[in-house]
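The primary structure of each chain is shown beneath.
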Amino acid sequence: MLNSITYAGFVAIVGRPNVGKSTLLNRLVRNKVSITSSKPHTTRYRICGIHTEGSYQSIYIDTPGFYFKENQIVDCAINRTVIRALDGVSLVIFLIEGTRWTSADQMVMSRLKEQESVLLVINKVDRISDKHTLLPYLHYLVQKRNFVEIVPISAKKSININIVSSIVQEHLPKSQYYFPEKSITNRSQIFMCSEIIREKLIRFLGAELPSIIIVKINKFSLEKNGYLNISSMLLVRHNSQKNIVIGNGGSKIKTIGIAARKDLESFFKVTVYLDLWVQVKPC
Ligand SMILES: Nc1nc2c(ncn2[C@@H]2O[C@H](COP(=O)(O)OP(=O)(O)OP(=O)(O)O)[C@@H](O)[C@H]2O)c(=O)[nH]1
Ligand SMILES: [Mg+2]
């Protein structure tokens, strides 16, 4: 956009684990750039989703859910990642869910004291069976601090997402765009590839997922006949974990591979050939 005024800035999405931060980011960006699951602590890394519309470029930073131990926000790598994401943002989206304020929400809010502009977003309103409980809850929340606004949404059902987008745009400073207009994330294709595979591991292995599984992409090449050839190594620590990932007669890894390939194809918009391997690498 040459010779016209543009607005651009960073917006951090923070909240306790599992409130729907990544689902919201994907909605705001109109693309799936951050993995989601019903398991807390799905997001491990800071990841940006970019949405450029009109003369506005909103850069959303997804963050891992704050990690708590004995009702305390502990000093650990995950939480340092979240705190760093708050640096220099134009707005913070503080995400909560339902109609119950928890001690974890309170702790997250205490970390936002220095932030001038905090937009409180209440997610998962599709789950609230008695809508009358929402109004008194809003009155309760207004007293918590000076929020830019409080917006009830459903990230999953796409309710009120445009309201959030508009409020974000109002808070963007005049600036040149940080990314080319067509960008949807700051992360590399290899990173996206490993995250999509990790999401399927989380979804299909559930509680059985070895927490220290590492997804390595060994091959990522666009072949002459137009398909994307990907080979990935899943590193686990013990033989027993390898057996869990592979499943009976290879059934688990097959299911994971099919689901990952489908998502990889929709993300990269080409036919994908995916090879998954599991290797034990004790450390
Ligand atoms: N019913 C309902 N479920 C939702 C909504 N938004 C997200 N979810 C579900 O909530 C779960 C957690 O969503 P995520 O987006 O992974 O949550 P997160 O806050 O990024 O979680 P961490 O990265 O683990 O901190 C998933 O099962 C989502 O499908 C919503 O609006 N309504
Ligand atoms: Mg997440």
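Residues numbered from 1 in each chain as written. Chains lettered and ligands numbered in written order. Predicted model: local features only at pLDDT ≥ 70, side-chain atom pairs only at ≥ 80, totals over all residues. Heavy atoms only, no water.

Details of the overall build of the chain
Under the convention used in this document: Where helices and strands are cited, they refer to DSSP runs of H or I of at least four residues and of E of at least two residues respectively, numbered from the N terminus. Only C-alpha atoms enter the radius of gyration, while the globule expectation follows 2.2 Å times N to the 0.38, with N the number of residues. Every residue pair with non-hydrogen atoms within 4.5 Å of one another is taken to be in contact. With residues, only the protein chains shown are counted as cover, and all accessible areas are computed by Shrake-Rupley using a 1.4 Å probe.
Counting its secondary structure elements, the chain contains eight helices and eleven strands. The C-alpha radius of gyration of the chain comes to 20 Å, within 12% of the 19 Å expected for a compact globule of 283 residues. Counting only contacts in the chain whose residues sit at least 6 apart along the sequence, the fraction spanning at least 24 positions is 69%. Entry remark: accessible area of the chain is about 14700 Å², with carbon and sulfur atoms responsible for 50%.

A closer look at the coordination of the magnesium ion (ligand 2)
Operational definition: Only N, O and S atoms count as donors, using a 2.8 Å cut-off from the metal and 3.2 Å for Na, K and Ca, and because water is excluded some sites may appear unfinished. Accessible area is worked out with a 1.4 Å probe on protein chains only. A residue is then buried under 20% of its type maximum, exposed over 50%, and partly exposed in between.
Within the protein, Ser-22 (OG) and Thr-43 (OG1) serve as the donor atoms for the magnesium ion (ligand 2), at 2.0 to 2.1 Å. Taken together, the residues span a long stretch of sequence, with Ser-22 in helix α1 (residues 21–29) and Thr-43 in the loop between α1 and β2 (47–53) at a distance of 21 residues. In this pair, the class of Ser-22 matches that of Thr-43, namely buried.

Notes on the site of ligand 1
The condition is simple: Being near a molecule or strand, for a residue, means having at least one of its heavy atoms within 4 Å of it. Side-chain atoms alone can form a polar contact between residues adjacent in sequence; in general such a contact is a pair of N or O atoms within 3.5 Å, and within protein one must be able to donate a hydrogen while the other accepts it. Any residue with an atom within 4 Å of a point lines the site, the site being either a cavity, points on a 1 Å grid over the protein atoms alone where a 1.4 Å probe fits but cannot get out, or a pocket, an open set with protein on both sides within 12 Å along at least 5 of 7 lines. A molecule is said to be in a cavity or pocket once over half of its atoms fall within 2 Å of that pocket's grid points. Under the convention adopted here, Pro, Cys and the residues Ala, Val, Leu, Ile, Met, Phe, Trp and Tyr are nonpolar, Asp, Glu, Lys and Arg are charged, and Gly plus all remaining residues are polar.
Near ligand 1 lie 23 residues; those nearest to it are Lys-21, Thr-23, His-41, Thr-42 and Asp-126. Take Thr-23: an N or O atom from its side chain is 2.5 Å from an oxygen atom of ligand 1. Burial of ligand 1 by the surrounding chains reaches 92%, relative to a free accessible area of 660 Å². More than half of the atoms belonging to ligand 1 lie within 2 Å of the grid points that define the largest pocket. Take the shell around ligand 1: its biggest share by element is three residues, from α1. Per-class residue counts for the shell around ligand 1 are four nonpolar, 13 polar and six charged.

Some remarks on the nonpolar core
This is how the line gets drawn: The definition of a nonpolar core used throughout is a set of buried Ala, Val, Leu, Ile, Met, Phe, Trp, Tyr and Cys residues joined through side-chain atoms within 4.5 Å. For each domain, the first and last residues come from an automatic or database assignment.
In terms of nonpolar packing, the biggest core is built from 51 residues, with Ile-93, Ile-197 and Leu-201 touching the most fellow members. No other element matches helix α6 (residues 189–205), which puts eight residues into this core. In this structure, this core is formed jointly by two domains, domain 1 (7–170) and domain 2 (189–280), each of which donates at least three residues. Among residues more than four places away in sequence, those in contact with Ile-197 are Val-215, Ile-217, Ser-232, Leu-234, Ala-260, Leu-274 and Leu-276. Grouped together as the second largest cluster of nonpolar side chains are 31 residues, Val-14, Ile-50, Ile-61 and Ala-104 included.

Describing the UniProt feature "domain: Era-type G" (unreviewed entry) in the chain
Keep this limit in mind: UniProt positions are given in the numbering used here, feature names are shortened, and annotations may be inferred rather than shown by experiment.
UniProt's feature table lists "domain: Era-type G" (unreviewed entry) at residues 7–174, given in the numbering used throughout. Summarising residues 7–174: 27% helix, 25% strand, and an end-to-end C-alpha distance of 4 Å.

Section: the sheet that holds strand β3 (residues 56–62)
Our working definition: When DSSP finds at least two bridges between two strands, those strands are taken to pair. Helix axes use the C-alpha atoms of the stretch in contact, all axes being lines fitted to C-alpha atoms, and the angles between their N-to-C directions lie in the range 0 to 180 degrees.
An order of β2-β3-β1-β6-β7-β8 is seen for the six strands of this open sheet, with the pairing classed as mixed. Either end of the sheet is taken by a strand with one partner, and the two such strands are β2 and β8 (150–152). Between one strand and the next, the sheet's axes are offset by a mean angle of 25°, whatever the strand orientation. As paired strands, strand β1 (residues 7–14) and strand β6 (residues 91–97) are joined by four bridges and run parallel to one another. Looking at the pairing, Ala-12 lines up with Val-92 of β6. Across the sheet, helix α4 (residues 134–142) lies against β6, β7 (118–123) and β8, angled at about 155° from β7, the strand it touches most.

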